[in-house]
Amino acid sequence: MSLAPKDEHEAQIQFALERGIPAILSVIGTQKLTFPDDAYDLIHCARCRVHWDAQGGKPLLELNRILRPGGFFIWSATPVYRHDDRHRTMVNLTESMCWKAVARTVDSNRIGLVIYQKPVSYSCYKNREENTPPLCDRKNNLNSSWYVPLSNCISRLPTDSKGNLHSWPAPWPQRLSSKPPSLPPDSEEAFNKDTTHWYALVSDVYVGGLAINWSSVRNVMDMNASYGGFAAALIDQPLWVMNVVLIDAPDTLSIIFDRGLIGMYHDWCESFNTYPRTYDLLHSSFLLSDVTQRCDIADVAVEMDRILRPGGYVLVQDTLEMINKLKPVLHSLQWSTNIYHDQFLVGKKGFWRPTGGET
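Predicted model only: the values in this text are computed from it and were never measured.

A. Region of the structure containing the overall build of the chain. The number of helices and strands found in the chain is eleven helices and 13 strands. Taking 21 Å as the expected radius of gyration for a compact globule of 359 residues, we find that the chain reaches 22 Å, a close match to that expectation. Across its three principal directions, the C-alpha atoms of the chain cover 65 × 50 × 35 Å. Looking at the chain alone, contacts between residues at least 24 apart form 67% of all its contacts between residues at least 6 apart. Mean positive and mean negative side-chain charge positions of the chain (35 and 39 charges, respectively) differ by 6 Å.

Structure, rendered in structure tokens:
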């Protein structure tokens, strides 16, 4: 996943998405990133000018939160080898967080590079001379990052229901279908059923059974991803899937990352952090019935229209009643639609735009 703030001069995220690379608009500022704890195996920041030591180190503590135990942070920037106050502050901060510097070097342009590794146990934390920054309270260890301020504590390492530390996921591609470390024991049956369901539906209906030209599809979004079964079923296709977990749905985003997939939290009553016309296909499964209890279906449809490319598709599985509510809204946007088996709507966005006298 690539992330960067909105940049009026370079539009880095827009360029990445146009190249078919997973990316979102985001910034490490005052609020947590919309990812779960312990999500990423590796975080890379090249020549970045983020002040990691700002606010007592809150930006770096946020990276620590989303980095998997044993994961790596690769940082290349001039301050890596500057022996000034900021450099010393960064060294002191990483040491206090028990990050181990496993490699250092300088490239041909004299840009420093350092690779840090996050600890896999509590031994270093317990042996610190000062408990600064402190470990987060256990009650704050939930995957809650939607409109939440950055914290000034070290997130606790993930454990199972018995208190045992999570193991690293299985190697790729086995981790896609093996039991995720963060999967609760009582959810294993539901997880397996979800995986089987989506493999069957994608192969039997979605690929070849609907009017979708999959060869033109690269950037895909699952608007309510659950366990990521839809994305897993498409893994052999030359595309990638952004898995969205709703903020008011069961929190399964850690499971999605454990599978080697990517995603983020979102509320579809708000706009999504991306540029217009950046996705080729949007998919949802019985999403609208829930979302439209809190916001208007037209608002959701307009946001779908904003982020979908002309010529792109929406694939909606829902009740026929909800499909019949969505269909006229899409037609008002000059989309074409088809309904299959009374539960699947395929909409295709056209190239129409209002002319002079139209509103």
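B. Spatial organisation of the sheet that holds strand 4 (residues 67–77). Pairing within the open sheet is mixed, and its four strands lie in the order 3-4-6-5. Strands with a single pairing partner mark the edges of an open sheet, and in this sheet they are strand 3 (40–46) and strand 5 (100–106). Each strand axis lies, on average, 10 degrees off the axis of its neighbour in the sheet, ignoring direction. Docked against the sheet, helix 2 (residues 58–66) engages strand 3 and strand 4, running at close to 140 degrees with respect to strand 4.

C. Just the pattern of salt bridges, in detail. Under the definition given, this model contains 14 salt bridges. Residue Arg175 is joined to Asp41 by a salt bridge in which the shortest nitrogen-to-oxygen separation is 2.9 Å. Residue Arg175 is found in helix 5 (residues 174–177), and its partner Asp41 is found in strand 3; the two are separated by 134 residues along the sequence. The salt bridge involving Asp305 is made with Lys349; its shortest N-O contact spans 4.0 Å. Here the residue Asp305 occupies a position in helix 10 (residues 297–307), and Lys349 occupies one in the segment after strand 13 (344–348), the gap between them amounting to 44 residues. Accessibility classification places Asp305 together with Lys349 in one group, the buried group. Three or more residues joined by partner-sharing salt bridges are found here, namely Asp41, Arg68, Arg175 and Asp258.

D. Up close: the sheet that holds strand 7 (residues 219–222). Pairing within the open sheet is mixed, and its seven strands lie in the order 9-8-7-10-11-13-12. Of all strands in the sheet, those with a lone pairing partner are strand 9 (262–266) and strand 12 (336–340), marking the two edges. Within the sheet, the average angular offset between the axes of one strand and its neighbour, ignoring direction, is 20 degrees. In terms of strand pairing, strand 11 (residues 308–317) meets strand 13 through five bridges, oriented antiparallel. Bridging across to strand 13, Val314 finds its partner in Gly347. Packed on one face of the sheet, helix 6 (residues 188–209) meets strand 10 (279–285), strand 11, strand 12 and strand 13 and runs near 135 degrees to strand 11. Across the sheet, helix 11 (residues 320–332) is in contact with strand 11, strand 12 and strand 13; its angle to strand 12 comes to roughly 160 degrees.

Cut-off values and rules
Residues numbered from 1 in each chain as written. Predicted model: local features only at pLDDT ≥ 70, side-chain atom pairs only at ≥ 80, totals over all residues. Heavy atoms only, no water. Helix = DSSP H or I, 4+ residues; strand = E, 2+ residues; numbered from the N terminus. Rg over C-alpha atoms; globule rule 2.2 N^0.38 Å. Contact = heavy atoms within 4.5 Å. Lys, Arg positive; Asp, Glu negative; His and termini not counted. Charge placed at Lys NZ, Arg CZ, Asp CG, Glu CD. Pairing = 2+ DSSP bridges. Axes fitted to C-alpha atoms, helices over the stretch in contact; angles between N-to-C directions. Salt bridge = Lys/Arg side-chain N within 4 Å of Asp/Glu carboxyl O. Buried < 20%, exposed > 50% of the residue type's maximum accessible area, 1.4 Å probe, protein only.

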